[in-house]
Amino acid sequence: MLEKYVTMLRRYGLIALALTLIAPWSWGMEALPTLPAIPKDNPLSAAKIELGKMLFFEPRLSWDGTVACNTCHNVMSSGTDNRPVSVGISAQKGSRSAPTVWNAAFMTTQFWDGRATTLEDQAKNPILNPIMMGMPDQDYVLKRLRAIPEYQQKFSQAFGGRDAITFDNIARAIASYERTLITPNSALDRYLKGDKNALSRQALSGMKLVEETGCIACHNGVNFAGPDAPVGEGSFQKFPTYLDNKYVKLYDLLADSGRFGVTKNESDKNLWRVPTWRNIALTAPYFHNGAVKTLAEAVRVMAKTQLNKELTETQVDDIVAFLNSLTGVFPEQTMPHLPPEVNASTVGDK
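Residues numbered from 1 in each chain as written. Predicted model: local features only at pLDDT ≥ 70, side-chain atom pairs only at ≥ 80, totals over all residues. Heavy atoms only, no water.

A. Quick peek at the overall build of the chain. When its secondary structure is counted, the chain shows 14 helices and 2 strands. Over its C-alpha atoms the chain spans a radius of gyration of 21 Å, differing by no more than 12% from the 20 Å that the globule rule assigns to 350 residues. When its C-alpha atoms are laid out on the principal axes, the chain stretches across 65 × 45 × 40 Å. Per-residue burial over the chain gives 53% buried out of 350 residues. Partitioning the contacts of the chain with sequence separation of at least 6, the portion at a separation of at least 24 is 71%. (Helix = DSSP H or I, 4+ residues; strand = E, 2+ residues; numbered from the N terminus. Rg over C-alpha atoms; globule rule 2.2 N^0.38 Å. Buried < 20%, exposed > 50% of the residue type's maximum accessible area, 1.4 Å probe, protein only. Contact = heavy atoms within 4.5 Å.)

B. How the structure looks around the pattern of salt bridges. In total, this model carries 14 salt bridges according to the counting rule given. A salt bridge links D113 to R96, with the nearest nitrogen and oxygen atoms 2.8 Å apart. Here the residue D113 occupies a position in the loop between α4 (69-72) and α5 (119-128), and R96 occupies one in the loop between α4 and α5, the gap between them amounting to 17 residues. A salt bridge links D256 to R96, with the shortest nitrogen-to-oxygen separation between them at 2.9 Å. One end of the pair, D256, is in the loop between α11 (246-250) and α12 (260-263); the other, R96, is in the loop between α4 and α5, and 160 residues separate them in sequence. The same class applies to D256 and to R96, which are both buried. Beyond isolated ion pairs, a larger network of salt bridges with shared partners links R96, D113, R115 and D256. (Salt bridge = Lys/Arg side-chain N within 4 Å of Asp/Glu carboxyl O.)

Below you can see the structure in the form of structure tokens.
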């Protein structure tokens, strides 16, 4: 019954207000695990992770050979491209900012509008998107990879069988690699595990503020992106909730209807998946349209549009200090060697 009530409040953009009154700190902050849940139909293996990493960096999964997953989700940095909106093949601009791939394995829906339920589902979408990677269809993707002998070998090692290069297996391999992209041991994680010296006095003040102000009502759980839920049941929030302020027009926050574009339900207009706070200090610019350049300004916007509260500059600085404590330790990444095509090129060739 409680879950149904919370779902209703979230849908209509009231959860932050309701949980602020109930006591938001009861929803809790959790340290990040070192390993996410692994789906039974896609168990991890070293061969699969190695293949997935190669495919994540593989620009030949795009029509003109210029865009890889890593182009928009740079794992050598923040897991984003730090652009307002991403740029795909032929310099085409998308309509939304790229979410970070770091810790995406802890999200129970993918994309800003939650249109993909799993990492596997998400991995398929950009490859066939005409703006992002622009491949004409699944068969063409398979034709290109099957023309590369080393990929035939790598897929066989990862999945078994002679005809292992399938579109589903491409997605399974990429998702397997992405499940290794975890950034544990942030200052806050260490604090939650008992190291009471891990947070500065300012960060502690900011932690208290996000609880008292109501931010933690939506940004909670291990990823600070909503409470744990089954895969496919993402945490969504109306944004903006309060419209009578300068930020709605200044940052054009109503131009994109969000989840409505997926469901066509009127109640889903301007509904968005709650983004993670982890490593948020590194993932500017902010919000679905990348319209806000600084974390301090993003804090002001959220306080006013979601909670109808004005924060002092000291309060903003303290909350920013707390959010900086969520920057984790990034596992070292090395560039993979991609297998060459032999005697010919298939890039841009139908």
